[in-house]
Amino acid sequence: MDIKVARAVEEGNIKAAINCADGRFARVTELGSHDAQVIKTKLFGVAACRSKKHSERLRMLPRTFFAFLLFALSCFRWLEYAESKLPEEEVDALKEITSTMGATYWEFDSDSCHIKMLGLTPEPPDGSQSSIDCDCTFENNTCHVVRIMIKGFNLPGVLPPQLVKLPYLKGVDFALNYLSGTIPKEWSSTKLTSISLFVNHVSGEIPKELGSITTLTYLNLEANQFSGVVPPELGSLSNLQTLVLSSNKLSGKLPVTFAKLQNLTDFRISDNSFIGKIPSFIQNWKLLQRLEMHASGLEGPIPSNISLLSNLNQLRISDINGPSQDFPILRNMTGMTILVLRNCHITGELPSYFWSMKSLNMLDVSFNKLVGEIPDTAHAGHLRFLFLTGNMLSGNVPDSVLLDGSSVDLSYNNFTWQGPDQSACRDYLNLNLNLFRSFLGTKLRGILPCSKISNCPAYSHCFHINCGGKDVKVMENNENILYVGDGDVLGSSAAKYFIDYENHWGFSSTGDFMDDGDYLNTRYTRSLPSSNLPELYKSARVTPISLTYFHYCLENGKYTVKLHFAEIQFTNDNTYRSLGKRLFDIYVQERLVMKDFNIEGETHVAQKPHIMAIYNVTVTDNILEIRFYWAGKGTTRIPVSGVYGPLISAFSIISDSKSCSDQKNARHKIIVGVGFGVAALCLVFIIVGIIWWMGYFKGIIRRTKGTERQDSQKGTFTLKQIIDATNDFSPANKIGEGGFGPVYKVSE
């Protein structure tokens, strides 16, 4: 009803506004803007209490009298509203709050509850949001502040204890700032229902006093610096529906008092250092819809009673330690849309009931120990992403998973090798399929799926790639080295396999960047062209889960691998964009060489080059692989959702026994040799043509033909001549046996 009233007033239809109001004042405070207050002011003049009978009588009055009466009532109500103001103590409290948070500009219209100016500069930052919501439905026409949103202003102050001076305050959203310090204990006396400190620099322990705010339904502390154990007092928040603690430094066990949080619908604790097993009391959260535990520190196995959470539609658990376990029973979760159980030590076969979950959009069970075959059953809905990477699945790749519009990654498995003409190896126009190292057989066959190539035409000992960029030449050791760019590789990267047959290299990319709203995943490359970085570091390739670069037809021997990094997605200023944290693992030749690698941890700042040299890398089968893996750690929504996972700017592979110039010279010699050969052949043809043109060959041919005729006449005899010459093949004339019979001499 309120929306209809507001729309009617905005359009100037006073009569419709009165009808919609039907004798009641519309509440428009939820709009939280100056326009809402204007609408409310008008409604004071038009939505006075009237019975339907009285309204009918008014409609019968002459139009002029009705208009006059309406104008008079409007004026009266307008004057009455002019007396409805925000108490001065709340106006002063707002000024103190913004000052404590670090704002240097603040201008507020208390009559309309409208923020005119806020922040570190007169103009607000791009993407920032601010509002003060006031409720003016209290007695005596009094207004009170009920909600504050100051989001994306990079305010550098601390959290304001002055919230207690706003007794009717229900919600605060201070997300995307640069606030530090701790949560004020004074907040415990408020009646807040919502607190968001998402992406700030707040530290210390979570105060147990928060457990006193029993009105809380929403608490988001993601991406801060909170440490220590989670206070058990938070288990008293019986009305809590959303609790987000991801990307902090929290430790210890989850409080057993959390078993009482039976109204939870959203629980996230990724990227922390908790200890102990995943608690079985999660079975009490019957209303839970989203459960997220990426690299939380908790150990497996996943409790079997998780099957009781039938309302779950997003289950995301990855990178947990613990023993091997069977696949948890999830059959009852028919509304599941996103299921991620990655690197959870799950064994056994892949349950077939997943293919009957109509709402399932993503299934990621990569890097487990699954065996058996993929069910040859068509999915009941539209499975957009299927990640089975890094298991021990076998058999043939069924046609049931080769769905239009899907991204299917089957890399690192044991499927039966299929030739280029079979289903899995066909070129699909609308399917992204990654079969890298998915078949049994030789290692060369594994990295070249669906190819008949079985040997190398030549071998190299030096290789350079500019990841995510274009070809670029770099001066190294007084040599102009070409780094080949892969930035022009097209197609979705959620399940990407790229191969350059001419230069014997390629890459395999797995995963979808969660919560970024991009289902196309057209390019997993990032760039910062306006920076002062060297050209090699202005671009990079990224991946949400796993990225493998490989080079085959490489001479066996010892190599030095150099990995080039520069963090180009975070900043160096005092803004929330500088608060991101990226961690990933690095493998070379399937050996872990760096755990939880942090680019900024090495450079101490963003946008600065870093080179990691890995020595004595052995190549024994003419193949070298470099793999980057995201193990669930680090922030995932700074500066925007979907910024996480491995990032690589460039890399080089150089033989310890031969220099890159040797390879260049060898190629040069081959080119020169071929050039000389072609030139010599051309010269021969030219000379022969000149001689032919001069007629020399014609005389030779005529003389040769004449000689052949003479030879033909001298060597041709009749049978009678032969009989007479051998005395009718007399035995006295026989001189031996030849390959075609007896041989006779001519009689004298």
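What you see as residue numbers is a count from 1 along each chain, following the sequence as written. Residues qualify for local features only when their pLDDT is at least 70, as the model is predicted, and side-chain atom pairs are given and counted only at 80 or more; totals for whole chains, interfaces and linings, by contrast, use all residues. To obtain the side-chain values, all non-hydrogen atoms of the structure were used and water was disregarded.

A. Inspection of the sheet that holds strand β18 (residues 346-349) at higher detail. By the convention used here, strands pair only if DSSP detects at least 2 bridges between them. Starting at the N terminus, helices and strands are each numbered in turn, a helix being any DSSP run of H or I of at least four residues and a strand any DSSP run of E of at least two. Taken in spatial order, the 3 strands line up as β16-β18-β20 in an open sheet, and their pairing is parallel. Of all strands in the sheet, those with a lone pairing partner are β16 (325-326) and β20 (369-371), marking the two edges. Bridge analysis of β18 against β20 gives 3 bridges, and the strand direction is parallel. Bridging across to β20, Thr347 finds its partner in Lys369.

B. Structural view of the packing of aromatic side chains. Only rings of Phe, Tyr and Trp enter the pairing, Trp through its six-membered ring, and a pair is recorded when the two centres are within 6.5 Å. The plane angle decides the type: under 30 degrees is stacked, over 60 is edge-to-face, the rest tilted. Per the stated rule, a full pass over the model turns up 26 aromatic pairs. Judged by centre distance (6.2 Å) and plane angle (10°), the ring pair of Tyr497 and Phe550 falls under stacked. Of the two residues, Tyr497 is situated in strand β27 (residues 495-500) and Phe550 in strand β31 (residues 546-552); the sequence distance between them amounts to 53 residues. The class for Tyr497 is buried, based on a relative accessible area of 18%. With centroids separated by 6.3 Å and ring planes inclined at 70°, the aromatic side chains of Phe584 and Phe628 adopt a geometry described as edge-to-face. Here Phe584 is found in strand β33 (residues 584-588), whereas its partner Phe628 is found in strand β36 (residues 623-629), with 44 residues between them in sequence. Phe628 carries the same exposure label as Phe584, and that label is buried. By the ring-pair criterion, three or more aromatic residues cluster together here, those being Phe463, Phe498, Trp505, Phe507, Tyr549 and Phe651. Two conditions define a charge sitting above a ring: the NZ of Lys or the CZ of Arg must be within 6 Å of the ring centre, and it must be within 35 degrees of the ring normal. Positioned over the ring face of Tyr412 is Arg627, at 5.9 Å from the centre of the ring. Over the ring of Tyr587 we find Arg627, and its NZ or CZ is 4.4 Å from the ring centre. The buried label goes to any residue with under 20% of its type's maximum accessible area, the exposed label to any with over 50%, and the partly exposed label to all in between, with areas taken from a 1.4 Å probe on protein chains only.

C. Molecular detail of the sheet that holds strand β24 (residues 462-466). Read across the open sheet, the 6 strands follow the order β25-β26-β24-β38-β32-β35; overall the sheet is mixed. The open sheet has two edge strands with one neighbour each: β25 (472-476) and β35 (610-619). Between one strand axis and the next, the sheet turns by 25° as a mean value, whatever way the strands run. For strand β32 (residues 557-565) and strand β38 (residues 650-655), the ladder comprises 6 bridges, and the chain directions are antiparallel. Within β38, the position partnered with Thr560 by the bridge is Ile654. Here an angle of 0 to 180 degrees is reported between the N-to-C directions of two axes, which are lines fitted to C-alpha atoms, with helices fitted over the stretch in contact.

D. Representation of the pattern of salt bridges within the structure. The salt bridge criterion pairs a side-chain nitrogen of Lys or Arg with a carboxyl oxygen of Asp or Glu, the two atoms within 4 Å. This model, assessed by the stated rule, comprises 21 salt bridges. Residue Arg290 pairs with Glu292 through a salt bridge whose shortest N-O separation is 2.7 Å. For the residue pair Arg290 and Glu292, the accessibility class agrees, reading buried in each case. Among the charged side chains, a salt-bridge network with shared partners connects Arg437, Lys443, Glu590, Asp621 and Glu625.

E. The arrangement of the side chain of Asn224 in detail. Its location among the elements puts Asn224 in the loop between β8 (218-220) and β9 (225-229). Assessed through its relative accessible area of 3%, Asn224 is described here as buried. We call two residues in contact when some of their heavy atoms are within 4.5 Å. If sequence neighbours within four positions are ignored, Asn224 has contacts with Leu197, Val199, Asn200, His201, Val202, Ser247 and Asn248.

F. Region of the structure containing unusual backbone geometry. Looking along the chain, the bond that leaves Gly300 and enters Pro301 is cis, with omega of 5°. Mapped onto the elements, Pro301 comes out in the loop between β14 (290-294) and β15 (314-318). The omega angle of the peptide bond from Ile638 to Pro639 is 0°, so this bond is cis rather than trans. Note that Pro639 resides in the loop between β36 and β37 (647-648). One non-glycine residue, Asn478, lies in the positive phi region at around 65°. Since its relative accessible area comes to 78%, Asn478 is described here as exposed. You will see that Asn616, though not glycine, has its phi angle at about 55°, which is positive. Tracing the backbone shows Asn616 in strand β35. A relative accessible area of 55% means that Asn616 is categorised as exposed.

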